[in-house]
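Observations on the model geometry
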Amino acid sequence: MRKFFKKMLTAAITAGCLIMPVSSQVEAAVERTPVTVTNARWYPLYHIAPYAGWANDPNGFCVYKGEYHFFYQHYPYDTKWGPMHWGHVKSKDLVHWEHLPVALEPNSIYDASGNGGGCFSGSALEKDGKLYLMYTGHVDLPVLTPEGVDRIESQNIAISDDGITFEKYAGNPVLYAPSNLGNIHGGDFRDPKMWKHGDTYYVVIGSKNKAGDRAQMLLFESKDMLDWKFKNIMAYSQGNEGTMWECPNFAEIDGQEAIIMSPIGMKPEGKKYLNFFQAGYMIGKLNYDTGVFTHGKFDTLDYGFDFYAPQITQTPDGRCILIGWLDMWDPPTGNIFSEYTDGWSCMMTVPRELHIKNGKIISVPVPELESLRIAEKSYRNLNISKKTKLDGVRGETGELLATIDTSLANGFSIELRSGGSEKTVLSYDKSSGLLKLNRDKAGGNVTGEREVKISGNKINLQIFLDRSSIEIFVNGGEAVMSTRVYPKTTSQDIIFIPNGGTVNLENITFYTLGEGIPQPVIK
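Residues numbered from 1 in each chain as written. Predicted model: local features only at pLDDT ≥ 70, side-chain atom pairs only at ≥ 80, totals over all residues. Heavy atoms only, no water.

Of the regular secondary structure elements, the chain holds 2 helices and 35 strands. Dimensions of the chain, computed from the C-alpha atoms along their principal axes, are close to 75 × 50 × 45 Å. Looking at the 523 residues of the chain, the share that counts as buried comes to 60%. A sequence separation of at least 24 residues applies to 62% of the contacts in the chain between residues at least 6 apart. Put simply, the chain shows about 20,000 Å² of open surface, and 49% of that area lies on carbon and sulfur atoms. (Helix = DSSP H or I, 4+ residues; strand = E, 2+ residues; numbered from the N terminus. Buried < 20%, exposed > 50% of the residue type's maximum accessible area, 1.4 Å probe, protein only. Contact = heavy atoms within 4.5 Å. Areas by Shrake-Rupley, 256 points an atom, 1.4 Å probe, with all protein chains shown as cover.)

Here the focus is the sheet that holds strand β13 (residues 228-236). Strand order in the open sheet formed by 4 strands is β10-β11-β12-β13, with antiparallel pairing between adjacent strands. With partners counted over all chains shown, the strands left at the sheet margins are β10 (189-197) and β13, one partner each. Taken over all neighbouring pairs, the strand axes of this sheet differ in orientation by 25° on average, direction set aside. In terms of strand pairing, strand β11 (residues 200-208) meets strand β12 (residues 215-222) through 8 bridges, oriented antiparallel. If you follow Lys-208 over to β12, its bridge partner there is Ala-215. (Pairing = 2+ DSSP bridges. Axes fitted to C-alpha atoms, helices over the stretch in contact; angles between N-to-C directions.)

Counting buried residues along strand β19 (residues 308-314), 6 of its 7 residues qualify, which places the element largely inside the surrounding structure. Taking the residues between adjacent antiparallel strands as the criterion, β19 and strand β20 (residues 320-325) are bridged by 5 residues, where Gly-318 takes a positive phi near 90°.

The omega torsion of the bond from Asn-172 to Pro-173 falls at -5°, within 30 degrees of zero and hence cis. Counting through the fold element by element, Pro-173 comes out in the loop between β8 (167-168) and β9 (175-176). The backbone of Cys-346 sits at a positive phi, close to 80°, despite the residue not being glycine. Mapped onto the elements of the fold, Cys-346 is located in the loop between β21 (344-345) and β22 (352-357).

Further remarks concern empty space enclosed by the protein. All chains considered together, the criterion is met by 3 cavities of 30 Å³ or more. In this model, the largest cavity occupies a volume close to 180 Å³. In terms of lining, the largest cavity is formed by 16 residues, of which the most central are Tyr-273, Gln-278, Thr-300, Asp-302 and Tyr-303. In terms of residue class, the lining of the largest cavity is made up of 7 nonpolar, 4 polar and 5 charged. Estimates place the volume of the second largest cavity at around 70 Å³. If you trace the second largest cavity, you find it lined by Tyr-281, Thr-300, Leu-301, Tyr-303, Lys-360, Ile-361, Ile-362, Ser-363, Gly-477, Glu-478, Ala-479 and Val-480. (1 Å grid on protein atoms, 1.4 Å probe; cavity = no way out; pocket = protein on both sides within 12 Å on 5 of 7 lines; lining within 4 Å. Points joined across faces, edges and corners; volume = space filled by probe spheres on them. Nonpolar A, V, L, I, M, F, W, Y, C, P; charged D, E, K, R; others polar.)

Right, let's get into the pattern of salt bridges. All told, the structure shown has 31 salt bridges when counted by the stated rule. A salt bridge links Asp-299 to Lys-360; the shortest N-O distance between them is 3.9 Å. Linking Asp-299 in strand β18 (residues 299-300) with Lys-360 in strand β23 (residues 360-365), this pair joins segments that are 61 residues apart in sequence. Judged by its relative accessible area of 13%, Asp-299 falls in the buried class. Residue Lys-360 is classed as partly exposed on the basis of its relative accessible area of 30%. Lys-488 is the partner of Glu-422 in a salt bridge, and the nearest nitrogen-oxygen pair spans 3.6 Å. Of this pair, Glu-422 sits in strand β28 (residues 422-429) while Lys-488 sits in the loop between β33 (479-484) and β34 (493-499); the two residues are 66 residues apart in sequence, bridging distant segments of the chain. Through salt bridges with shared partners, a single network forms among Arg-151, Glu-153, Asp-188, Arg-190, Lys-208 and Glu-246. (Salt bridge = Lys/Arg side-chain N within 4 Å of Asp/Glu carboxyl O.)

Next up on the list: the packing of aromatic side chains. A complete count under the given rule lists 27 aromatic pairs for this structure. Consider the rings of Trp-86 and Tyr-135, whose centres lie 6.3 Å apart with planes at 70°: the pair is edge-to-face. With Trp-86 in strand β3 (residues 85-91) and Tyr-135 in strand β6 (residues 130-140), the pair connects residues that are 49 residues apart, well separated along the chain. Taken as a pair, Trp-86 and Tyr-135 share a single burial class, namely buried. (Phe/Tyr/Trp six-rings, centres within 6.5 Å; stacked < 30°, edge-to-face > 60°.)

Taken in spatial order, the 6 strands line up as β24-β35-β26-β31-β32-β33 in an open sheet, and their pairing is antiparallel. Two strands in the sheet have a free side with no partner beyond their single neighbour: β24 (373-384) and β33. On average, adjacent strands in this sheet sit at an angle of 15° to one another, irrespective of strand direction. Bridge count for strand β26 (residues 397-408) against strand β35 (residues 502-513) is 8 bridges, and the pairing is antiparallel. Its bridge partner lying in β35, Leu-408 is registered against Thr-502.

The tally for this structure, following the rule as stated, stands at 0 disulfides. Between Cys-119, a free cysteine, and Cys-247, which holds the nearest cysteine sulfur, the sulfur-to-sulfur gap is 15 Å. For the unlinked cysteine Cys-346, the closest cysteine sulfur is that of Cys-247, found at 14 Å. Note on Cys-346: relative accessible area 0%, which makes it buried. (Disulfide = S-S within 2.5 Å.)

Here it is in structure tokens:
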């Protein structure tokens, strides 16, 4: 494996394909100065976000020596995407996160290539008291290889004795796109997710076929996490299921199995799949003898605007916990997020506990988040027939629980983060069963509307507000809608509006939330 990879890399260097010598890249990285936060107006109180700089895909979510570790794609030298590092936080309770030093830097020949390369996404697993990271080393090539490939992606290992300082394995890369397996694309081979079954380690890696029109997951197995053998194409897309599956996961949920992935190339179907990329799952069963995952249809994990590249971890108490990137690639706005002028960019979702109910994955906030509640304001059985604001139910951060009965109305709307001309509107139409989230007046450069079909007269909502984000959990996780928003700090009102009759606010509870992750130092 390594001989083949080095042969490819040497050929690329000889042909002038690498942007700069590796030694020059390392020097350039050392001389750069990390950015700092200059304004915390939209910086989250209790969500994971970079202390400064850029963040995207979750990586390495795991439990190690009794603590949760969470890594993420990170560029500390700018607020836009750059050569990828791994940022790192840890927590004892999934709520209060401690920032740790950068875990991985792109400073090796298999992960450094000027502005285009880096330590791409991956996962983590404990073995013999040590923490193993497996990540994709990405090398961009400015010209195509003879095989028509514009990049080299390989899988690499880094090991830590303390969960903080990592050393890259001397035998890297441990995996590259197999050239002898036929219908596998050589340039798209990334985002490894490891797990252990019995006495064997497994890893699934996102890929596509040579023609580039079919996404697939490749399964490998190992006895030591260093020497890997190809098992099979574990699953692949059919119909409108994408041309590349990024960030694949294998999950065990309530005694059942599922694959979770982020497809590229899905086409909109009416009001579905309107985001640039999607994130979803398929429930099924892995045959460990053949390496084939038999599954049902693709379904969506989050019906909002901003949710991508989720990664799961299996906890010692048997739960499956997920955290996603609470942002979305968006070429029309140049991948520029409103907070980038403040010295930081992007954030993560709250941790979500996954369950399977009626053949679907449902997502609910982990119960540990209740520890953030420090004050409560509640109302019961209020009948409203006009716009209503409730004393004590407002804020730029907080948690809203609402049970709303529409038996005597056509539906309702809730204006969140409302003030002046700003508002983010959640509305429900009983006749169509459509719950809609509109952010045309949410501030910043965000716009648009998303919807999901639900049913019933009584709707239960759990809504998390955190300065520049809103996460809405519907009917106990039946649907989730997540979005970034950029209102003024003074836009804090929550307004309830009945539609065509009288709405009963059966329960309204608003919690003031305490601090979560440490806040950045403003320079």
